[in-house]
Amino acid sequence: MLNREGPVPIYRQVANEIRRRIASGTIPPGHAIPSEHQIVAEFEVSRITATKAIRTLRDDGLVYTVRGVGSFAGPEDHPRVTETTSPYRRVAAEIAERIRAGELRPDFPIPSETTLMQQYGLAKGTVRRAVALLREQGWVFTVPMRGTYVAARKDWPKA
């Protein structure tokens, strides 16, 4: 998708792809554009490139950024559409479903923090919060310096 050998800087190519998604309605006004982490994972670019792409879109007036929340398509006065479920709760629910479905089995590790960060495009703190929620619910247990493992079926939440 990206032409790494061409004359157009990579950050501009990334910005142009997000611009195309906004113009086509794939990312409607008020909806979040991909985060820096998501851009890094999807386009296989550096964090600096992701930051420059978002800055370009902001400078062009296509997006606005709310510090600590994210960047959104459209003008700043357009109402933001936010997820109804916190990202960490969504990740925890998806991992719990994978456990329930037998994809992740008791006494085997769940994906690492790094893998989950890349898979979901989330920050380390958000992933840690999701794993902590799974631990509180009884889906997983953590062995210090070893990892986090799926709990025995008898310890899973009843519901």
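Up top you'll find the structure we're talking about.
Residues numbered from 1 in each chain as written. Predicted model: local features only at pLDDT ≥ 70, side-chain atom pairs only at ≥ 80, totals over all residues. Heavy atoms only, no water.

> How should I be thinking about the nonpolar core in this particular structure?
As a rule of thumb, nonpolar side chains are buried together in soluble globular proteins. Membership of the largest hydrophobic core comes to 22 residues, with the highest contact counts inside it found for Ile 95, Ile 99, Leu 134 and Trp 139. The element contributing the most residues to this core is helix H4 (residues 87–100), with six residues. Ignoring sequence-local partners within four residues, the contact set of Leu 134 consists of Ala 92, Ile 95, Ala 96, Trp 139 and Val 140. Counting residues in each nonpolar core, the second largest holds 16 residues, with Leu 2, Ala 15, Ala 50 and Ala 53 among its members. (Core = buried A, V, L, I, M, F, W, Y, C linked by side-chain atoms within 4.5 Å. Buried < 20%, exposed > 50% of the residue type's maximum accessible area, 1.4 Å probe, protein only. Helix = DSSP H or I, 4+ residues; strand = E, 2+ residues; numbered from the N terminus. Contact = heavy atoms within 4.5 Å.)

> What's the story with the pattern of salt bridges in this structure? I'm lost.
Where side chains of opposite charge bring their charged atoms close, a pairing between them can arise. Throughout the structure, instances matching the rule amount to 10 salt bridges. Salt-bridge contacts for Arg 19 lead to Asp 60; the nearest nitrogen and oxygen are separated by 2.4 Å. Placement of Arg 19 in helix H1 (residues 10–24) and of Asp 60 in the loop between helix H3 (47–59) and strand E1 (63–66) is noted, with a sequence separation of 41 residues between them. Relative accessible area serves as the criterion here: at 44%, Asp 60 is assigned to the partly exposed category. Note that Arg 98 and Glu 103 form a salt bridge whose closest N and O atoms lie 2.9 Å from each other. Taking the relative accessible area as the measure of exposure, Glu 103 reaches 53% and is therefore exposed. Through salt bridges with shared partners, a single ionic network connects Glu 17, Arg 20, Arg 21 and Glu 42. (Salt bridge = Lys/Arg side-chain N within 4 Å of Asp/Glu carboxyl O.)

> What is the right way to read unusual backbone geometry from this model?
Keep in mind that most residues, glycine aside, have a negative phi and that most peptide bonds are trans. Although it is not a glycine, Glu 44 sits at a positive phi angle of roughly 55°. With respect to the helices and strands, the residue Glu 44 is situated in the loop between helix H2 (36–43) and H3. Of note, Asp 107 is a non-glycine position whose phi angle comes to about 70°, a positive value. Tracing the backbone shows Asp 107 in the loop between H4 and helix H5 (113–120).

> What's the story with the packing of aromatic side chains in this structure? I'm lost.
Centre distance and the angle of the planes are the two values used to describe a pair of aromatic rings. On inspection of all chains with the given rule, the structure shows three aromatic pairs. Note on Trp 139 and Trp 156: the rings are 5.3 Å apart at their centroids and 45° apart in plane angle, and the pair reads as tilted. Linking Trp 139 in the loop between helix H6 (124–137) and strand E3 (140–143) with Trp 156 in the segment after strand E4 (147–150), this pair joins segments that are 17 residues apart in sequence. Residue classification places Trp 139 among the buried residues on the basis of a relative accessible area of 4%. Ring geometry for Phe 141 against Tyr 149: centres 5.8 Å apart, planes inclined by 25°, an arrangement best described as stacked. (Phe/Tyr/Trp six-rings, centres within 6.5 Å; stacked < 30°, edge-to-face > 60°.)

> Hey, could you run me through a positive patch on the surface in this one?
Residues Arg 12, Lys 52, Arg 55 and Arg 58 make up a contiguous surface patch of positive charge. As for its placement among the helices and strands, Arg 55 is situated in helix H3. Accessibility expressed as a relative area gives 39% for Arg 55, which makes it partly exposed. (Patch = residues over 30% accessible without salt bridge, like charges linked within 9 Å, V, L, I, M, F, W, Y side chains within 5 Å. Areas by Shrake-Rupley, 256 points an atom, 1.4 Å probe, with all protein chains shown as cover. Lys, Arg positive; Asp, Glu negative; His and termini not counted. Charge placed at Lys NZ, Arg CZ, Asp CG, Glu CD.)

> What is the right way to look at the side chain of Ser 71 in this model?
Examined against the element boundaries, Ser 71 turns out to sit in strand E2 (residues 70–73). In contact with Ser 71, other than residues within four places in its own chain, are His 31, Ala 32, Ile 33, Ile 54, Tyr 64 and Thr 65.

> What should I look at first to understand H4 in this one?
Working note: α-helix, 3.6 residues per turn, so residues spaced by three or four point in the same direction. Compared with an ideal rise of 1.5 Å per residue, which puts 14 residues at 20 Å, H4 spans 20 Å between its outermost C-alpha atoms and is within 8% of the ideal. Gly 102 sits one or two positions beyond H4 and adopts a positive phi of about 90°. (Expected span 1.5 Å × (residues − 1).)

> What should I look at first to understand the environment of Val 131 in this one?
Considering the arrangement of structural elements, one finds Val 131 in helix H6. Given the relative accessible area of 9%, Val 131 is considered buried. Along the backbone, Val 131 and Val 91 are 40 residues apart, and their C-alpha atoms lie at a distance of 8.6 Å. Excluding anything up to four places from it in sequence, Val 131 contacts Ile 110, Leu 116, Val 140 and Thr 148.

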